[in-house]
Amino acid sequence: MPKRVDHEERRAQIAEALIQVAGRRGLHAVGMRDVAAEAGVSLRLVQYYFETKEKLLFYGLRHLTDRFTARVGARLAAVGPDPGPRATVEALLLASLPTDDESRTFHLLYSSYAILSVTDGALAAQPFIDNPDAAENALTGLLVQAQEAGLADPDADARTEAISLLAMAATMSTSILVGQRSPESAIAVLHHHLDRIFSTAGTSANGGPI
């Protein structure tokens with residue numbers, strides 16, 4: 001009896017191959033033939049699942065995003081069953097910093113997708129991601145939650161702080177990639193700003209009296 005093919009599993013295999021080869025050579029330099037060779041399948045099979053390179057790129061972006069979500073989940077699971085808003089914010093931000101091979105590939109390719117979406121007509125014709133404001137909205141909600149619980153500065157503008165944290169993480173990620181700063185120094189900067197936000201009048205960042 002012939003083995004039943006799991007089409008989603010095969011698509012994920014091909015998307016993973018795209019991520020691996022693009023992480024080494026750059027997204028702009030990757031062709032469907034390269035992806036087929038990396039996945040150990042025929043070019044015809046890649047074309048069967050993804051008719052064009054643009055369709056493969058979009059699926060690869062979603063696969064990359066799923067991997068990021070899984071990394072954040074793993075960080076939160078390590079904290080415990082009820083991590084709270086600060087630990088959740090930290091997990092989101094720290095998971096995006098290129099501190100190992102996995103996160104380095106994520107930042108490199110995600111940045112490449114953003115650049116290609118500006119210059120490639122086929123990519124520009126579709127949304128870059130399903131919800132481009134998802135991270136900003138998530139961080140804003142967590143900061144509001146912390147304010148309502150008395151865990152963060154009540155006078156801070158949650159939306160502005162969320163935008164600032166994301167922009168800071170993105171910029172420092174690039175500086176880590178190019179060797180301008182170490183992952184440890186970037187993490188220290190993020191912790192500095194989180195300590196500022198997650199403090200209340202009359203208490204220090206760790207909850208003790210000033």
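Please refer to the structure placed before this passage.
Before going into details, it helps to say that this report is about the structure given with it.

Conventions and cut-offs
- Residues numbered from 1 in each chain as written.
- Predicted model: local features only at pLDDT ≥ 70, side-chain atom pairs only at ≥ 80, totals over all residues.
- Heavy atoms only, no water.
- Helix = DSSP H or I, 4+ residues; strand = E, 2+ residues; numbered from the N terminus.
- Expected span 1.5 Å × (residues − 1).
- Polar contact = N/O pair within 3.5 Å; in protein donor to acceptor, adjacent residues only side chain to side chain.
- Salt bridge = Lys/Arg side-chain N within 4 Å of Asp/Glu carboxyl O.
- Buried < 20%, exposed > 50% of the residue type's maximum accessible area, 1.4 Å probe, protein only.
- Contact = heavy atoms within 4.5 Å.
- Axes fitted to C-alpha atoms, helices over the stretch in contact; angles between N-to-C directions.
- Parallel < 35°, antiparallel > 145°, perpendicular 65-115°, else oblique.
- Nonpolar A, V, L, I, M, F, W, Y, C, P; charged D, E, K, R; others polar.
- Arc of directions from axis to C-beta.
- Phe/Tyr/Trp six-rings, centres within 6.5 Å; stacked < 30°, edge-to-face > 60°.

**Remarks on helix 6 (residues 101-119)**
- Between its first and last C-alpha, helix 6 extends 27 Å over 19 residues, near the 27 Å set by a 1.5 Å rise per residue.
- Of the residues that open helix 6, the one with a side-chain oxygen 3.3 Å from the backbone nitrogen of Glu 102 is Asp 100.

**So, the pattern of salt bridges**
- Inspection of the entire model under this criterion finds eleven salt bridges.
- Close ionic contact of Glu 38 with Arg 24 constitutes a salt bridge, the shortest N to O distance being 2.7 Å. In this pair, Glu 38 is assigned in helix 2 (residues 32-39) and Arg 24 in helix 1 (residues 7-25), connecting sequence segments 14 residues apart.
- Under the relative-accessibility criterion, Arg 24 is labelled exposed at 57%.
- Between Arg 71 and Glu 102 there is a salt bridge, with the nearest N and O atoms lying 3.5 Å from each other. A residue pair is termed long-range when its members are at least 10 positions apart, and Arg 71 in helix 4 (residues 53-79) and Glu 102 in helix 6 qualify at 31 residues.
- Because the salt bridges share partners, they merge into one network encompassing Glu 16, Arg 67, Arg 71 and Glu 102.

**Side note on the side chain of Ser 103**
- Here Ser 103 lies in helix 6.
- Judged by relative accessible area, Ser 103 falls into the buried class, the value being 2%.
- Reaching out from Ser 103, the side chain makes a polar contact with the side chain of Asp 100 at a distance of 2.6 Å.
- Each residue touching Ser 103, except ones within four places of it in the same chain, is listed here: Arg 71, Ala 95, Leu 97 and Pro 98.

**Looking at the packing of helix 1 against helix 4**
- At their nearest, the axes of helix 1 and helix 4 sit 9 Å apart, and the two run at 90° to each other. It follows from the interaxial angle that helix 1 and helix 4 lie roughly perpendicular. Contact residues: Glu 8, Arg 11, Ala 12, Ile 14, Ala 15, Glu 16, Leu 18, Ile 19 and Gln 20 in helix 1; Leu 56, Leu 57, Tyr 59, Gly 60, His 63, Leu 64 and Arg 67 in helix 4.
- Across the contact of helix 1 with helix 4, the residue classes tally to nine nonpolar, three polar and four charged.

**A closer look at helix 8 (residues 134-148)**
- In this model, helix 8 (15 residues) spans 21 Å end to end at C-alpha, consistent with the 21 Å of a helix rising 1.5 Å per residue.
- Considered for burial, the residues of helix 8 that qualify are Leu 139, Thr 140, Leu 142, Leu 143, Ala 146 and Gln 147. Taken around the axis of helix 8, the buried residues stretch over an arc of 165°, which confines them to a single face.
- Contacts made by the buried residues of helix 8 are with helix 5 (84-96), helix 9 (158-177) and helix 10 (183-197).
- A positive backbone phi angle near 75° is found at Gly 150, which sits one or two residues after helix 8.

**So, the packing of aromatic side chains**
- Under the defined criterion, the tally for this structure stands at four aromatic pairs.
- Arranged with centres 5.2 Å apart and planes meeting at 55°, the rings of Phe 50 and Tyr 59 form a pair that is tilted.
- Centroid distance Phe 68 to Phe 106: 4.8 Å. Interplanar angle 15°. Geometry classified as stacked. In this pair, Phe 68 sits in helix 4 while Phe 106 sits in helix 6, placing the two residues 38 residues apart along the sequence.
- Taken together through their ring pairs, the aromatic side chains of Phe 68, Phe 106 and Tyr 110 make up a single cluster.

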